[in-house]
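# Breakdown of the fold
Each chain, written out:
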Amino acid sequence: MEAKRVTSIRFGTPAYCHGDAKMIKLDRILCPTDLSDFSKHALRYGCEFANRFDAELHLLNVVQDVVALVPEPGMAFPAPGDYMQDLQQASQEAIDQLPDPDWLREIPVVREVRVGTPFLEIVRYAKEADIDMIVLGTHGRAGLAHVLLGSTAEKVVRKAHCPVLTVRPEGHQFVMP
């Protein structure tokens, strides 16, 4: 029986049908990273999905815009231009080292560093690059810490045009047979 290509009604992602059974096709997977251990844990999941689906892996690091962090214009702070360039360069060097070579087969990897608000840039990049699924880590904060700091993962889940897999730090580990 030949597979018929259909489009998911909810997410608009391609799927393939064999009779009544539908198979998901993921061509591009986005793993946003803040370069923390939490995001590296999620990156491992993203690599495994990319391997299984023969998908292109996109890595994105968003450098928080310094202007958004400074509460008052008169506060002493390094020159934003030089400081932001240094941050971007350091982020690019770090993201170029990802992922661990043992985590991927011969899968193409696209790496990008952007400046802005993390959840907005993640959602924007996913739309621009026609991403099929986003895999991102959560810090696992709860209670007051979650209320005060907010959750990038929660905002991405609410705003993204595609499915989002969130990976908790104490979640299930991959076990290879």
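Quantities reported herein were computed from a predicted structural model and do not represent experimental measurements.

The rules behind the values
- Residues numbered from 1 in each chain as written.
- Predicted model: local features only at pLDDT ≥ 70, side-chain atom pairs only at ≥ 80, totals over all residues.
- Heavy atoms only, no water.
- Helix = DSSP H or I, 4+ residues; strand = E, 2+ residues; numbered from the N terminus.
- Buried < 20%, exposed > 50% of the residue type's maximum accessible area, 1.4 Å probe, protein only.
- Polar contact = N/O pair within 3.5 Å; in protein donor to acceptor, adjacent residues only side chain to side chain.
- Contact = heavy atoms within 4.5 Å.
- Salt bridge = Lys/Arg side-chain N within 4 Å of Asp/Glu carboxyl O.
- pLDDT = per-residue confidence, 0-100.
- Pairing = 2+ DSSP bridges.
- Expected span 1.5 Å × (residues − 1).
- Axes fitted to C-alpha atoms, helices over the stretch in contact; angles between N-to-C directions.
- Left-handed = near helix turned anticlockwise from the far one by under 90°.
- Nonpolar A, V, L, I, M, F, W, Y, C, P; charged D, E, K, R; others polar.

Further remarks concern the side chain of serine 91. Structurally, the position occupied by serine 91 is in helix H3 (residues 80–95). We classify serine 91 as buried; its relative accessible area is 10%. Of the polar contacts made by the side chain of serine 91, one reaches the side chain of asparagine 61; its length is 3.1 Å. With residues near it in sequence (within four places) discarded, serine 91 still touches Leu35, Asn61, Val63 and Val113.

Below, the discussion takes up the environment of arginine 111. Tracing the sequence through the fold places arginine 111 in strand E6 (residues 109–116). For the pair formed by arginine 111 and isoleucine 95, sequence separation is 16 residues and the distance between their alpha carbons is 6.9 Å. Those residues in contact with arginine 111, other than ones at most four positions away along the chain, are Leu59, Gln92, Ile95, Asp96, Leu98 and Pro99. Polar side-chain contacts of arginine 111 include one of 3.2 Å to the backbone oxygen of isoleucine 95.

With that out of the way, let us pick up the pattern of salt bridges. If you walk through the whole model with that rule in mind, you get nine salt bridges. Put simply, arginine 114 and glutamate 121 hold a salt bridge, and the shortest N to O gap is 3.5 Å. The burial state of arginine 114 is the same as that of glutamate 121; both residues are buried. Owing to a relative accessible area of 13%, arginine 114 belongs among the buried residues under this scheme. Within this structure, Glu112, Arg114, Glu121, Arg124 and Glu128 form a network of salt bridges that share partners.

Turning our attention to the confidence of the model for the chain. Mean pLDDT over the chain: 80, with 68% of residues reaching 70 or higher. Low pLDDT (under 50) marks residues 6–11, which in the prediction has 10 contacts with non-local residues, meaning those over four places away or in another chain.

Turning next to the pairing of strand E7 (residues 133–137). Within E7, five of the five residues are buried, which leaves the element mostly enclosed by the surrounding structure. Alternating positions in E7 separate into two faces, Met133, Val135 and Gly137 on one and Ile134 and Leu136 on the other, with burial throughout. Sheet analysis places strand E4 (residues 28–32) next to E7, joined by two bridges and oriented parallel. In the sheet register, leucine 30 faces E7, and the bridge partner there is isoleucine 134. Bridge count for E7 against strand E8 (residues 164–167) is four bridges, and the pairing is parallel. Of the residues in E8, the one forming a bridge with leucine 136 is threonine 166.

Turning our eyes to something else, we now look at the environment of isoleucine 29. Checked against the element boundaries, isoleucine 29 lands in strand E4. For the pair isoleucine 29 and valine 135, spaced 106 residues apart in the sequence, the C-alpha separation amounts to 7.3 Å. When residues no more than four places from it in sequence are discounted, the contact partners of isoleucine 29 are Gly46, Phe49, Ala50, Ala55, Glu56, Leu57, His58, Ile131, Met133 and Val135.

For helix H1 (residues 37–53), which comprises 17 residues, the first-to-last C-alpha distance of 25 Å matches the rise-based estimate of 24 Å (1.5 Å per residue) to within 8%. Those residues of H1 lying buried are Ser39, His41, Ala42, Leu43, Tyr45, Gly46, Cys47, Glu48, Ala50 and Asn51. In this structure, the buried residues of H1 make contact with E4, strand E5 (56–64), E7 and E8.

Right, let's get into the packing of helix H4 (residues 118–128) against helix H6 (residues 152–159). Two elements in contact, H4 and H6, have axes separated by 9 Å at closest approach and are oriented at 35°. In this structure, the crossing between H4 and H6 has a hand that is right-handed. Counting all contacts with H4, which are made through Pro118, Phe119, Ile122 and Val123, the residues of H6 involved are Thr152, Lys155, Val156 and Lys159. Among the residues forming the contact of H4 with H6, the class breakdown is five nonpolar, one polar and two charged.

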